[in-house]
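Here are the chains, one letter per residue:
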Protein chains: 2
Amino acid sequence: MELEIIFTIEPIRTGPVELPSREIGSVLEFQGLVREMEEGKALAGLFYEAHGPMARRVLERHFLELHAGYPVVAVLFIHRLGWVPVGEASLFMRVLSSHRAEGLAFLAEAVIRLKQDVPIWKMAAAPGLGNEGASSG
Amino acid sequence: MELEIIFTIEPIRTGPVELPSREIGSVLEFQGLVREMEEGKALAGLFYEAHGPMARRVLERHFLELHAGYPVVAVLFIHRLGWVPVGEASLFMRVLSSHRAEGLAFLAEAVIRLKQDVPIWKMAAAPGLGNEGASSG
């Protein structure tokens, strides 16, 4: 499995899909966006922090375990850190596989595990509290 | 639900995601690509034909049924027709939803139903049979 894990404080930008072989039949891309309403409150965005090296180790372990059951070919995982305004992506995953079934299962399980025990934390920020200044707007 | 269904004989090209609201938390995109090996034979590509108006009606019915269980916000469905070479997409779906769970379920079910009873047919073409000339290469 080709595996790339990226943490970035910039808005997530992705290039075109590069196919490692002529046996890729499924390209799945998922973006998790920051929504305005969370638990009944209007947010301006979320602030993400991570323990980078540990998050990477835990993610690698999860992805290897998932790969044993769902043999996907390539995974690109990008998580944004710092201030993420409403409507922008905090998470991007691209999963290439021969068939869509293993790609869908891998993606679904990966996001569940991400939220379980990977050391990435988010803090809510209400509109007008000034955190917006940390982003490019 | 915003629903757009497109059939095209051109390579599938998609624009950037446009968010209909600040409550979209999940953007899922799926591309189904033509693989080289199918049932043990090497293909140059596949040739797709559809009964366009009927395919659209059947898809709309399926998507509305799925929406009742998985209330996604917007669906873009693009199917390529004619000659599709190996490594290019015959199908593209983009599903926007508040949460990823309904988006993943909608997408997975939609592709299963597409292959069940939507009047779109594919024919295999072995390498060197000349169908490649119909594409832009």
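That block above? That's the structure.
What this report covers is the structure whose coordinates are included nearby.

## Some words on the side chain of Ser26(A)
Considering the arrangement of structural elements, one finds Ser26(A) in strand E2 (residues 26–33). Leave out the neighbours within four places in its chain, and Ser26(A) touches Val95(A), Leu96(A), Ser97(A), Ser98(A), His99(A), Arg100(A), Phe30(B) and Gln31(B).

## Some thoughts on the nonpolar core
Counting 60 residues, the largest nonpolar core has Met93(A) and Met93(B) as its most contacted members. Those residues in contact with Met93(A) that lie beyond four places of it in its chain are Leu28(A), Glu29(A), Phe30(A), Phe63(A), Val75(A), Leu76(A), Phe77(A), Phe106(A), Leu107(A), Ala110(A) and Val111(A).

## A word on helix H2 (residues 100–117) of chain B
Taking 1.5 Å per residue as the helical rise, H2(B) with its 18 residues ought to reach 26 Å, and the 26 Å between its terminal C-alpha atoms agrees with that figure. For H2(B), the complete set of buried residues consists of Glu102(B), Gly103(B), Leu104(B), Phe106(B), Leu107(B), Ala110(B), Val111(B), Arg113(B) and Leu114(B).

## Details of the environment of Leu66(A)
Residue and element names in this part refer to chain A. Looking at the secondary structure, you find Leu66 in helix H1 (residues 52–69). Accessibility expressed as a relative area gives 4% for Leu66, which makes it buried. C-alpha of Leu66 to C-alpha of Glu109: the two residues are 43 residues apart in sequence and 7.6 Å apart in space.

## Digging into the sheet that holds strand E6 (residues 74–80) of chain A
Pairing is mixed across the open sheet formed by eight strands, whose spatial order is E1(A)-E6(A)-E8(A)-E2(A)-E2(B)-E8(B)-E6(B)-E1(B). Where the open sheet ends on each side, the last strands, each with one partner, are strand E1 (2–8) of chain A together with strand E1 (2–8) of chain B. Averaged over all neighbouring strand pairs, the angle between strand axes comes to 5°, with direction disregarded. Looking at chain direction, E1(B) and strand E6 (residues 74–80) of chain B are connected through seven bridges and run parallel. Each residue of the ladder has a partner; that of Glu2(B), found in E6(B), is Ala74(B). Those strands touched by helix H1 (residues 52–69) of chain B are E1, E6 and strand E8 (89–97) of chain B, and its axis lies near 150° from that of E1(B). Running over the sheet, H2(B) touches E2 of chain A together with strand E2 (26–33), E6 and E8 of chain B and is turned about 150° from E8(B).

Rules of the game
- Residues numbered from 1 in each chain as written.
- Chains lettered and ligands numbered in written order.
- Predicted model: local features only at pLDDT ≥ 70, side-chain atom pairs only at ≥ 80, totals over all residues.
- Heavy atoms only, no water.
- Helix = DSSP H or I, 4+ residues; strand = E, 2+ residues; numbered from the N terminus.
- Contact = heavy atoms within 4.5 Å.
- Core = buried A, V, L, I, M, F, W, Y, C linked by side-chain atoms within 4.5 Å.
- Buried < 20%, exposed > 50% of the residue type's maximum accessible area, 1.4 Å probe, protein only.
- Expected span 1.5 Å × (residues − 1).
- Pairing = 2+ DSSP bridges.
- Axes fitted to C-alpha atoms, helices over the stretch in contact; angles between N-to-C directions.

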